[in-house]
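A closer look at the structure
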Amino acid sequence: MSARTLPQFAARRDTASSIALRDRRRVSTWLFVLCFMLLGMIALGGYTRLTGSGLSIMDWRPVTGIIPPLSHAEWERQFALYRTIPQYRILHDGFGLAGFQQIFWAEWTHRFWGRLIGLVLLVPLIWFARTGALTRGLTARLLLLFVAGGLQGAIGWFMVASGFDANSTAVEPVRLVLHLACALALYVAILWTALSVRAPAAPFIPATVAVVRTRRLVWASTLLIGLTIIAGGFTAGTHAGFAYNTFPLMEGHLVPQGYAKLSPFWLNWVANIPAVQFDHRLLATVTALVIGATLLSGLRTPQLGKPVQDVLMLLGWAVLIQYALGVTTLLLVVPAWAGTVHQTWAAILLTVAIVALHRLRGVGRT
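Thresholds applied
- Residues numbered from 1 in each chain as written.
- Predicted model: local features only at pLDDT ≥ 70, side-chain atom pairs only at ≥ 80, totals over all residues.
- Heavy atoms only, no water.
- Salt bridge = Lys/Arg side-chain N within 4 Å of Asp/Glu carboxyl O.
- Helix = DSSP H or I, 4+ residues; strand = E, 2+ residues; numbered from the N terminus.
- Buried < 20%, exposed > 50% of the residue type's maximum accessible area, 1.4 Å probe, protein only.
- Phe/Tyr/Trp six-rings, centres within 6.5 Å; stacked < 30°, edge-to-face > 60°.
- Lys NZ or Arg CZ within 6 Å of the ring centre and 35° of its normal.
- Axes fitted to C-alpha atoms, helices over the stretch in contact; angles between N-to-C directions.
- Left-handed = near helix turned anticlockwise from the far one by under 90°.
- Contact = heavy atoms within 4.5 Å.
- Nonpolar A, V, L, I, M, F, W, Y, C, P; charged D, E, K, R; others polar.
- Disulfide = S-S within 2.5 Å.
- Polar contact = N/O pair within 3.5 Å; in protein donor to acceptor, adjacent residues only side chain to side chain.
- Core = buried A, V, L, I, M, F, W, Y, C linked by side-chain atoms within 4.5 Å.
- pLDDT = per-residue confidence, 0-100.

**Focus on the pattern of salt bridges**
Inspection of every chain in the model, using the stated rule, returns 7 salt bridges. Across the salt bridge formed by Arg111 and Glu107, the nearest N and O atoms sit 2.8 Å from each other. Here Arg111 pairs with Glu107, and both are found in helix α5 (residues 97-130), just 4 residues apart, close to one helical turn. Each member of the pair, Arg111 as well as Glu107, is classed as buried. Connected through shared salt-bridge partners, Asp59, Arg61, Glu74 and Arg77 make up one network.

Here it is in structure tokens:
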């Protein structure tokens, strides 16, 4: 059977374990590269937001937009478009062409990186599928993720367009959080797929009381990390990080005054700066404490095995670093470098939690 006839055979295979070892390594390495690129995309997204670069490109051209301005006339056209939106008039009045070019290149790089991720996903996917390195189920899943990536680009434009509204200088927080949440969901899906292709068989772990308790704590930690990141998105979207730049108290209070000033009450969670920042602080603290309990439980449970205990140790160190980054970003009043690192490390923290969950797949399985 030649390599060219393998796709028909591959179509009858539905499990990652049926992929040859050599193919599993190649495919998983490709997917891990995509994960690394997505981390870079998350970092670039944070940087464009913190530098106010996201609104500098006024049109959405999914294909031809990959070409930046190549002439002075085109630069002037782009700059003229930017001068029509409220952000320029309110924040950057008198902004010269050189200053516009700086924010333009940041946003262009962000969009270019997204297009590059799409190519790095699609081209090897076609190659691996044609050479029989993928199962039918895995091919379908990756095609679905490619479509989801394209939709993420559309959601990004939906977010950016909200910043063009009258009297608006930034995108709507809800759309920003939607864009961030979809990016993280796509990242987690590709990461889980990469881990499963690399190690399709889950080592058996006895389902003792201590093991099950630790697994539940890992799940709780992962969900809390995701919820804290979402709360961080609202903190970024409302610019809440630029207020109450003291820690642990907020203007001398544990719970800030005016926490519940908006009605209905739930609106405080997404639009009230004191409440938004307090919620992010509270969730971060609870997350750190739960991860601490998870680490303590895991280290006292030898049945988990060294691979699981090692990743739990990494999880403990990662949350300490992230908490310190959060406090540093707050106290320094959100400089671009600190905010970017804080957002990127949040994704790394989530990565470690997902790896821990993946290594716990074998609990109770024979």
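**Here's the deal with the packing of aromatic side chains**
Using the criterion set out here, one finds 18 aromatic pairs in the structure. Considering the side-chain rings of Tyr259 and Phe265, the 6.3 Å spacing of their centres and the 45° angle between planes classify their relative orientation as tilted. Residue class for Phe265 comes out partly exposed when judged on its relative accessible area of 42%. Sitting over the ring of Phe79, Arg83 keeps its end group 4.5 Å from the ring centre. Here Arg175 stacks its cationic end above the ring of Phe158, 3.8 Å away from the centre of that ring.

**Re the packing of helix α7 (residues 173-198) against helix α8 (residues 209-237)**
At a minimum axis distance of 9 Å, the contact between α7 and α8 shows a crossing angle of 145°. Judged by the twist between their axes, the crossing of α7 over α8 is right-handed. In contact with Pro173, Val174, Leu176, Val177, Leu180, Ala181 and Leu184 of α7, α8 contributes Ile229, Ile230, Gly233, Phe234, Ala236 and Gly237. Looking at the contact of α7 with α8, its residues break down into 11 nonpolar, 2 polar and no charged.

**A short note on the state of the cysteines**
In a disulfide, the sulfur atoms of two cysteines are covalently bonded to one another. Applying the stated rule across the entire model yields 0 disulfides. With no disulfide of its own, Cys35 has Cys182 as its nearest cysteine by sulfur position, at a separation of 17 Å.

**As for the side chain of Thr294**
Checked against the element boundaries, Thr294 lands in helix α10 (residues 273-299). At 3.4 Å, the side chain of Thr294 and the backbone oxygen of Leu217 are in polar contact. Not counting the four nearest positions on each side in its chain, Thr294 is found in contact with Thr214, Leu217, Val218, Ser221 and Leu312.

**So, the nonpolar core**
Generally speaking, a soluble globular protein has its nonpolar side chains buried in company with each other. Of all hydrophobic cores here, the largest spans 55 residues; its most connected members are Val27, Trp30 and Leu31. When residues of this core are traced back to their parent elements, those giving at least two are α2 (21-50), α5, α6 (136-161), α7, α8, α10, α11 (306-331) and α12 (336-359). Dropping the residues within four chain positions of it, Val27 is found in contact with Phe128, Ala133, Leu134, Leu138 and Val197. Within the second largest apolar cluster, 18 residues are counted, among which are Tyr82, Ile103, Val160 and Ala236.

**Looking at the confidence of the model for the protein**
Model confidence for the protein is summarised by a mean pLDDT of 91, while 95% of its residues fall at 70 or above. Low pLDDT (under 50) marks residues 1-13, which in the prediction has 23 contacts with non-local residues, meaning those over four places away or in another chain.

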